[in-house]
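Fold and contact review
One-letter residues, chain by chain:
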Amino acid sequence: MALERGTLFEPKLVTDLVSKVQGKSSLAVLSGQTPIPFNGKKEFMFTMDSEIDVVAESGKKTHGGVSLAPRTIVPIKVEYGARVSDEFLYASEEERISILQAFNDGFAKKVARGLDLMAFHGVNPRSGTASTVIGTNHFDALVTQELDATANANADIETAVGLVQGSGGEVNAMAIAPAFRTSLAGLTKTDGNALFPELAWGAAPGTLNGVRVDVNKTVSDMSTAKDLAIVGDFANGVQWGYAKEIPMEVIRYGDPDNSGFDLKGYNQVYIRSELYLGWGILAPESFARVVEAGE
């Protein structure tokens, strides 16, 4: 199969891509993004074992102790391709850019959804099955603090917060599934008024009770654990990033997507792009998951 190698994605398209990902991925919305080199990076988490010590003038100092737990963030290659008319090869530069922008828009949505599905549940987004490449580097495997959902979603959040704080962590954000948002919206006060009126009619505010919140189907989609909410320290307990060089190739011949249709025979070309994404759950104990009862 003959390939025609294209250039790297234009910096403007890369910026636009990442911006769209940050707006549609719960992990990206709630947590910190950091550049990831191709060979990965290692984050060191220090745990001070003791409290500070009062020392008298010329007094004896004692050892406080420290625990060091390294967390490696290794980027994973993901790809996406789409067939377009071979007019792409002969179109003006303006028209080619327009086609690439449309591809970029679709690619960004898939990357955003895929980032959540991989980091939350450890699945290959295309197949929906567990990925051996990801292994246990995902919330469902590493976050062991979980509780079954009850009829009172607000109480479930309070319990999850208690689990995180009991482990020494803090809660600054939560990602919730649409079904859990509906459960919260349905709660009422003793006077019959909604407990969370800002959730009425499907609304999804950015904060609840001062805590950042993002509503996303990716919290529950493809989750064998049946997650409904992930609560915890998204600001410090997890990081994600990407390698900014995004290669793109234009394939002119053959059947690169195994669809059974030859490109040349259907006057098409295939645009394929790759992206290197990495994430690391630095402090699993700083999170708790609310899951469907009985899971």
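Parameters at a glance
Residues numbered from 1 in each chain as written. Predicted model: local features only at pLDDT ≥ 70, side-chain atom pairs only at ≥ 80, totals over all residues. Heavy atoms only, no water. Helix = DSSP H or I, 4+ residues; strand = E, 2+ residues; numbered from the N terminus. Buried < 20%, exposed > 50% of the residue type's maximum accessible area, 1.4 Å probe, protein only. pLDDT = per-residue confidence, 0-100. Contact = heavy atoms within 4.5 Å. Core = buried A, V, L, I, M, F, W, Y, C linked by side-chain atoms within 4.5 Å. Pairing = 2+ DSSP bridges. Axes fitted to C-alpha atoms, helices over the stretch in contact; angles between N-to-C directions. Salt bridge = Lys/Arg side-chain N within 4 Å of Asp/Glu carboxyl O. Parallel < 35°, antiparallel > 145°, perpendicular 65-115°, else oblique. Nonpolar A, V, L, I, M, F, W, Y, C, P; charged D, E, K, R; others polar.

**What about the overall build of the protein chain?**
Counting its regular elements, the protein chain contains seven helices and 16 strands. The buried share among the 295 residues of the protein chain stands at 41%.

**Things to note about the confidence of the model for the protein chain**
Looking at the protein chain, the pLDDT average stands at 84 and 82% of residues meet or exceed 70. Ignoring residues within four places in sequence, the model shows residues 42–48, a span with pLDDT below 50, making 25 contacts including any to other chains.

**What about the nonpolar core?**
Ranked by size, the top nonpolar core spans 44 residues in total, and within it L27, F139, F234, W240, L275, L277 and W279 carry the most contacts. At the level of secondary structure, the elements contributing two or more residues to this core comprise α1 (11–24), α2 (26–30), β5 (76–85), α4 (93–121), β9 (173–176), β13 (238–243), β14 (247–251) and β15 (268–281). The leading source of residues in this core is α4, at ten residues. Counting 21 residues, the second-largest nonpolar core is a separate cluster that includes I157, F180, L184 and L199.

**Things to note about the sheet that holds strand β16 (residues 287–291)**
Pairing in this open sheet of six strands is mixed, and the strands run β8-β16-β12-β9-β11-β10 from one edge to the other. Two strands close off the open sheet at either side, each with one partner strand: β8 (146–148) and β10 (207–208). The pairing of β10 with strand β11 (residues 211–215) spans two bridges and is antiparallel. Of the residues in β11, the one forming a bridge with T207 is R212. On the sheet, helix α6 (residues 153–166) packs against β8, β9, β12 (227–232) and β16 and is oriented at approximately 150° with respect to β16. In the packing of helix α7 (residues 178–185) onto the sheet, contacts are made with β9, β10, β11, β12 and β16, and the angle to β9 comes to roughly 110°.

**With respect to unusual backbone geometry**
The backbone of W201 sits at a positive phi, close to 55°, despite the residue not being glycine. By the secondary structure assignment, W201 is in the loop between α7 and β10. You will see that N267, though not glycine, has its phi angle at about 55°, which is positive. Mapped onto the elements, N267 comes out in the loop between β14 and β15. The class of N267 is partly exposed, set by a relative accessible area of 48%.

**Focus on the pairing of β11**
Two strands pair when backbone bridges link them, and β9 and β11 are joined in this way by four bridges, in the parallel orientation. Pairing of A175 across the sheet is with D214, part of β11. Connecting β10 to the next strand, β11, in antiparallel fashion are two residues, including N209 with a positive phi near 50°.

**Describing the pattern of salt bridges**
Enumeration over the complete set of coordinates arrives at ten salt bridges. Here E79 and R272 are joined by a salt bridge, their closest N and O atoms 3.7 Å apart. In this pair, E79 is assigned in strand β5 and R272 in strand β15, connecting sequence segments 193 residues apart. A salt bridge links D140 to R289; the shortest N-O distance between them is 3.6 Å. On the criterion of sequence distance, the pair formed by D140 in helix α5 (residues 139–142) and R289 in strand β16 is long-range, its members being 149 residues apart.

**Quick word on the packing of α6 against α7**
The contact between α6 and α7 brings their axes to 8 Å, and the two run at 115°. Judged on the interaxial angle alone, α7 and α6 are roughly perpendicular. On the side of α6, the interface is formed by A153, N154, D156 and I157, while α7 contributes F180, S183 and L184. Looking at the contact of α6 with α7, its residues break down into four nonpolar, two polar and one charged.

**Some words on the pairing of β13**
Across the six residues of β13, six count as buried, placing the element largely inside the fold. Every second residue of β13 is oriented toward a common face, with V238, W240 and Y242 on one face and Q239, G241 and A243 on the other, all of them buried. Where β13 and β15 come together, six bridges link them in antiparallel fashion. Along β15, the bridge assignment pairs Y242 with L277.

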